Amino acid sequence: MSAGTAARPSGTGHARHRLDEVIHAPVRLSIMAALARVDNAEFKAVRDAVEVSDSVLSRQASTLEEAGYVRIRKGYAGKRPRTWLALTPAGRDAFESHVAALREIAGS
């Protein structure tokens, strides 16, 4: 142990170490928060809630999908193509853990 460093028990430490880097980006955090309140949401509803362009939402949702946090489903509503987004169980757990760490950092 170097001078000025204190040993800390394993499993403890600053809450920032429990932040999820995938979720932490502001747009991705906003997408996760919007989806945490619903079972699934249409792409346009998420886009409007998060206030981003189609291309930004598409890119960020793809990043969340690659991480296993979001499921993207394409289909039709009548004759119109639609895209729906939903948190996966792993995504819901990761979001809840991330928010808990943020609350701990903020002292709530």
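The structure reproduced in this document is the subject of the present report. Remember, it's a predicted structure, so these values are computed and weren't measured experimentally. (Residues numbered from 1 in each chain as written. Predicted model: local features only at pLDDT ≥ 70, side-chain atom pairs only at ≥ 80, totals over all residues. Heavy atoms only, no water.)

1. So, the nonpolar core
Moving on, step 1. Residues Met32, Leu35, Val46 and Val70 are the most contacted members of the largest nonpolar core, which totals 20 residues.
Moving on, step 2. Sorting the residues of this core by element identifies helix H2 (26–36), helix H3 (43–50), helix H4 (54–66), strand E3 (80–87) and helix H5 (89–106) as the ones contributing at least two each.
Moving on, step 3. Per-element tally for this core: the top contributor is H2, with 4 residues.
Moving on, step 4. Apart from residues lying up to four places away in sequence, Val46 is in contact with Ile31, Leu35, Ala41, Leu57 and Leu85. (Core = buried A, V, L, I, M, F, W, Y, C linked by side-chain atoms within 4.5 Å. Buried < 20%, exposed > 50% of the residue type's maximum accessible area, 1.4 Å probe, protein only. Helix = DSSP H or I, 4+ residues; strand = E, 2+ residues; numbered from the N terminus. Contact = heavy atoms within 4.5 Å.)

2. So, the environment of Leu87
Moving on, step 1. With respect to the helices, strands and loops of the structure, Leu87 is situated in strand E3.
Moving on, step 2. For Leu87, a relative accessible area of 7% translates into the label buried.
Moving on, step 3. Counting along the chain gives 54 residues from Leu87 to Ala33, while the straight-line C-alpha distance between them is 9.7 Å.

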